[in-house]
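# Summary of structural features
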Amino acid sequence: MEINAMENIFKELYDTINSGKEAVLVSIIASSGSTPRGEGARMLVFDDGTIKGTIGGGRVEYLCIQKALEAARDKGWCSAAYDLGVKDTADVGMICGGNVEVCFRLFAKGDKALLEAILEAQKDPEARLVTAAGENGVDIGLHDAENGVRYIDGLTNDTAREHMNDKHSFKNGDMTVFMEPLAERGKVYVFGAGHVSRELAPLLKRLDFSVTVFEEREVPEGAFSGDIDLVKCTFTDLEKYVTITENDYVVVMTSGHSADYEVLEQALRKRPSYAGVIGSKNKAAYTKQRLLDAGVDRDMVESLHTPIGLAIKAATPAEIAVSVAAELIMHRAEHR
């Protein structure tokens, strides 16, 4: 499931209908086996056949574009299933071995209130986008604690609450229903603004992470692009500058071992979802023991990713940034 990508696609959709045009939202709401993209993958199809986003490319995406154009011409919505097994190679041109259920929903000027509600709900970490496909068609709605289920018929508040944290679709009568968070459920806090951070921060932004970089030292002008939040701070008193939650990611790559330890000793007590620190295996062992001696919970110390990043034999700052980003992608996918 794409998180910030979802935010961008609904803003694009809102701007489209505000300009007097229409677009079809194409969503994968169920998948099994091996597929190019899973539940929550989306794209917009415009009336000229152009698209924004992707549901995996290849023949299936091509067929879905044609189906979306049909939905636009019919001023309606529909769903379709695609089998990516060997026996259907001639039809879809892919041998992934899985299945996907895709729904198609036309958005026009009458959907402005719904889209405004979706964009507003993206501020609520507990709000869920609800996509449902069944005999009566396809629709998209919301569920949150204050309002319950909105814009979806046939789904009770009790059922929505039961499934709000599911990672996969579920059956509700004749409907296939998929619920997913609308808001970003964790921010990446990068401590240190050195060479690796300067490669990592823009890469994480491209991967739809929310990123803030913290640094004690002066940072050269232009070291980070304008869309990267950069905070001048003191590492010995982080609570003045940031509130770390259990949903957040802490990436530590300061200018020295002492500052790394200062950040980790404070951050791990907040029990972030992910914490990693750059450095060698010897440094990792030393840092972990020092944290234990300081009274940091052993389970948090043992969960520390150090040396940080996936083991891809990275050497340059850019390569190390790729290895760290890959580890964050994996962690995000495993903890949704």
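Along each chain, numbering runs from 1 in the same order as the chain's sequence is written. Whole-chain, interface and lining totals are the exception, using all residues; otherwise, since this is a predicted model, local features are given only for residues with pLDDT of at least 70 and side-chain atom pairs are given and counted only at 80 or more. Hydrogens and waters are ignored; side-chain quantities use all the structure's heavy atoms.

## Digging into the environment of Val277
Quick note on the threshold: Starting at the N terminus, helices and strands are each numbered in turn, a helix being any DSSP run of H or I of at least four residues and a strand any DSSP run of E of at least two.
Along the chain, Val277 falls in strand β15 (residues 274-277). C-alpha separation for the pair Val277 and Thr287, spaced ten residues apart in sequence, amounts to 9.5 Å.

## Some details on the packing of aromatic side chains
Here is the rule we go by: Pairing of aromatic side chains here covers Phe, Tyr and the six-membered ring of Trp, requires ring centres within 6.5 Å, and sorts the geometry by plane angle: under 30 degrees stacked, over 60 edge-to-face, intermediate tilted. Think of it in three bands: residues with accessible area under 20% of the maximum for their type are buried, residues over 50% are exposed, and the middle band is partly exposed, with areas taken using a 1.4 Å probe on protein chains only. Charge-over-ring placement is defined geometrically: NZ (Lys) or CZ (Arg) within 6 Å of the ring centre, and within 35 degrees of the ring normal.
Using the criterion set out here, one finds five aromatic pairs in the structure. With a centroid separation of 5.0 Å and 20 degrees between ring planes, the pair formed by Phe191 and Phe214 is classed as stacked. On the criterion of sequence distance, the pair formed by Phe191 in strand β11 (residues 187-191) and Phe214 in strand β12 (residues 210-215) is long-range, its members being 23 residues apart. When the ring of Phe209 is compared with that of Tyr249, the centres are 5.7 Å apart and the planes differ by 85 degrees; the resulting orientation is edge-to-face. Of this pair, Phe209 sits in the loop between α6 (195-206) and β12 while Tyr249 is found in strand β14 (residues 249-252), placing the two residues 40 residues apart along the sequence. In this structure Tyr249 comes out as buried when scored by relative accessible area, which is 7%. A connected cluster of aromatic rings, assembled from ring pairs, spans Tyr189, Phe191, Phe214 and Phe235. Above the plane of the ring of Phe107 lies Arg105, whose end atom (NZ or CZ) is 4.4 Å from the centre. Over the face of the ring belonging to Tyr261 we find Arg290, whose NZ or CZ atom lies 3.8 Å from the ring centre.

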